[in-house]
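Here is what each chain is made of, one letter per residue.
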Amino acid sequence: PSQPAALPPSFFPSLPSKVSEDEFQSVLCEGCRQESPTLKLLPCLHTLCLPCVSERKAAGQCPVCQTAVPPASGVPGMDNKLFSNLQARLSIYKKILHAAHLFCDNCKTEAEFWCRECKEFLCTKCFEAHQRYLKKDNHEAKRVAVIRAGSAKDFLEGTRKANNFFCSNVAHENQTLSIYCKKCCKAVCCVCALLDSKHGGQHCDINSEIQQRQDELAALSQDLKKKRSSFEVAHEALQSKAAHLEQARSKTRQEVRQRVEQLVQLLRREEEELLALVEKRWEQGCHALAGELRRLDNVLRRMEAGERLVQKMRLYGTDREVMDMQPFIKASLEELRRLQPPAAGGLAQPDRDFDECRARLQAL
């Protein structure tokens, strides 16, 4: 009889490799692995650039975890301002680190300083004027050499402090948004809070609200971290059962061949039928287990994306990014927290898939 095709090693999905990578590679598009100013955060918490999102509209699923994305009417997800801004800030750091010559943004002579507030390079002369005129605004300009000597993490932490956000009202647009209105669910400046009656006095310090949102995301992430272990156990159990299924297939094939070889030539037809039945049961079991494995694998990928996103938000997220993105991220994390791994007792039993074959074999 002809030999059935062997199961390819990649038939069953496995967890992503734990090989370490540059910490900031995760801010790239997870589809094309390129920098992009148009990053979108999908409900599954994976980040894709707009071209990759548009390319995957027809498939209707995330290319990383195969989770269904919203219908193709409009662009799904929300702008990942955290990763887009991190890319922009990292590009400045790379320029400082690798450029042979940096030039003053004002007079085009060689730059010695960089202001995190103005986001400009300054020569010594322009730096002195900058310090004299903007001292009251707490602008901090650092020497380029000092920035080069530091790490990317130091640079990002420093530039994070410079990203305050200001009131949208043109009458007092220079006012920092320092108050959170609980009635309107948005940040306002002191002038708006005092003069606009619609806020109704239901407000608190914006830093308290930001800290509360960061704490909520951290708590959700911690809960998911604990739950993730149960998903990993279920994933390993399914992989073990897949291996057991393969062993059961091999063992049953051997039993079939040994018994059939003892029979006369007239029973060869029965041998072929039995082997076909074994392959059918094995294939059915493979597809059933592979489907469950893929679902668990995708959930684990989403959990990893959530942990990574919350960590980056806590370390490097600006106040605006936290305010804009937290509700969306929180909803996705809560959805993940509601998921439950399959119970071990409900998993398939590979040995039973071959009972019919053994019964027929015994009848011979």
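The rules we used
- Residues numbered from 1 in each chain as written.
- Predicted model: local features only at pLDDT ≥ 70, side-chain atom pairs only at ≥ 80, totals over all residues.
- Heavy atoms only, no water.
- Helix = DSSP H or I, 4+ residues; strand = E, 2+ residues; numbered from the N terminus.
- Polar contact = N/O pair within 3.5 Å; in protein donor to acceptor, adjacent residues only side chain to side chain.
- Phe/Tyr/Trp six-rings, centres within 6.5 Å; stacked < 30°, edge-to-face > 60°.
- Lys NZ or Arg CZ within 6 Å of the ring centre and 35° of its normal.
- Pairing = 2+ DSSP bridges.
- Axes fitted to C-alpha atoms, helices over the stretch in contact; angles between N-to-C directions.
- pLDDT = per-residue confidence, 0-100.
- Contact = heavy atoms within 4.5 Å.
- Expected span 1.5 Å × (residues − 1).
- Bend = angle between axes of the 7 residues up to and from the residue.
- Core = buried A, V, L, I, M, F, W, Y, C linked by side-chain atoms within 4.5 Å.
- Buried < 20%, exposed > 50% of the residue type's maximum accessible area, 1.4 Å probe, protein only.
- 1 Å grid on protein atoms, 1.4 Å probe; cavity = no way out; pocket = protein on both sides within 12 Å on 5 of 7 lines; lining within 4 Å.
- Points joined across faces, edges and corners; volume = space filled by probe spheres on them.
- Parallel < 35°, antiparallel > 145°, perpendicular 65-115°, else oblique.
- Left-handed = near helix turned anticlockwise from the far one by under 90°.
- Nonpolar A, V, L, I, M, F, W, Y, C, P; charged D, E, K, R; others polar.
- Disulfide = S-S within 2.5 Å.

- Under the annotation held in an unreviewed UniProt entry, the chain carries the name PML protein and is attributed to Nothocercus julius.

## Some words on the side chain of Arg253
- The residue Arg253 is located in helix H7 (residues 206-261) in this model.
- A polar contact is formed between the side chain of Arg253 and the side chain of Glu279, at a distance of 3.4 Å.

## Description of the packing of aromatic side chains
- All chains considered together, the criterion is met by three aromatic pairs.
- Judged by centre distance (5.3 Å) and plane angle (40°), the ring pair of Trp114 and Phe155 falls under tilted. On the criterion of sequence distance, the pair formed by Trp114 in strand E4 (residues 113-115) and Phe155 in helix H5 (residues 152-160) is long-range, its members being 41 residues apart.
- The aromatic ring of Trp282 is capped on one face by Arg249, whose charged end is 4.4 Å from the ring centroid.

## Examining the sheet that holds E4
- The three strands lie next to each other as E5-E4-E6, forming an open sheet whose pairing is antiparallel. Edge positions in the sheet fall to strand E5 (120-122) and strand E6 (141-143), since each of these pairs with one other strand and no more. Taken over all neighbouring pairs, the strand axes of this sheet differ in orientation by 30° on average, direction set aside.
- Inspection of the sheet shows E4 paired to E6 by three bridges, in the antiparallel sense. Within E6, the position partnered with Cys115 by the bridge is Ala141.

## Some details on the confidence of the model for the chain
- Put simply, the chain has an average pLDDT of 78, and 79% of its residues get 70 or more.
- When mean pLDDT is compared element by element in the chain, helix H9 (residues 319-338) scores highest at 89, while helix H6 (residues 190-195) scores lowest at 70.
- Every residue in residues 1-21 scores below 50 in pLDDT, and together they form 41 contacts with partners more than four places removed in sequence or on other chains.

## Quick word on H7
- Between its first and last C-alpha atoms H7 spans 81 Å; for 56 residues at 1.5 Å apiece the expected length is 82 Å, and the two agree.
- Of all the bends in H7, the greatest measures close to 25° and is centred on Lys226.

## Regarding the nonpolar core
- Counting 78 residues, the largest nonpolar core has Ile96, Val256, Ile329 and Leu333 as its most contacted members.
- The dominant element in this core, judged by the number of residues it contributes, is helix H8 (residues 268-316), at 17 residues.
- Those residues in contact with Ile329, other than ones at most four positions away along the chain, are Leu41, Leu45, Leu217, Leu309 and Met313.
- Ranked by size, the runner-up nonpolar core spans eight residues in total, among them Cys115, Leu122, Cys126 and Phe127.

## Observations regarding the sheet that holds strand E8 (residues 186-188)
- Read across the open sheet, the three strands follow the order E8-E7-E9; overall the sheet is antiparallel. Each end of this open sheet is capped by a strand with a single partner; those strands are E8 and strand E9 (203-205). Within this sheet the neighbouring strands show an average axis-to-axis angle of 35°, counted without direction.
- The pairing of strand E7 (residues 179-181) with E9 spans three bridges and is antiparallel. What sits directly across from Cys181, in E9, is His203.
- H7 contacts E7, E8 and E9 of the sheet and is inclined by roughly 80° relative to E9.

## Looking at empty space enclosed by the protein
- Taken as a whole and judged by the stated rule, the model has two cavities of 30 Å³ or more.
- Approximately 30 Å³ is the volume attributed to the second largest cavity.
- Every residue along the wall of the second largest cavity is listed here: Glu30, Leu45, Thr47, Phe83, Ala305, Arg308 and Leu309.
- If one sorts the elements of the lining of the second largest cavity by residue count, H8 sits on top with three residues.

## Remarks on the packing of H8 against H9
- One way to put it is that H8 packs onto H9 with a least axis distance of 11 Å and a crossing angle of 155°. As far as their axial angle goes, H9 and H8 are roughly antiparallel. Both H8 and H9 take part in a crossing whose hand is left-handed. Every residue of H9 that contacts H8 at Val299, Arg302, Met303, Gly306, Leu309, Val310, Met313 and Tyr316 is listed here: Glu321, Val322, Met325, Ile329, Leu333, Glu335 and Leu336.
- Residue classes in the contact of H8 with H9 are distributed as eleven nonpolar, one polar and three charged.

## Describing the state of the cysteines
- Under the criterion given, the structure shown has zero disulfides.
- Free cysteine Cys44: the closest other cysteine sulfur is in Cys62, separated by 3.7 Å.
- Cys123 forms no disulfide, and the closest cysteine sulfur to it belongs to Cys107, at a distance of 3.4 Å.
- When its relative accessible area of 6% is taken as the criterion, Cys123 is described as buried.

## What to know about the packing of H5 against H8
- Two elements in contact, H5 and H8, have axes separated by 9 Å at closest approach and are oriented at 65°. Our classification of the angle between H5 and H8 gives roughly perpendicular. Touching Lys153, Leu156, Glu157 and Arg160 of H5 are Arg314, Leu315 and Tyr316, all from H8.
- Looking at the contact of H5 with H8, its residues break down into three nonpolar, no polar and four charged.

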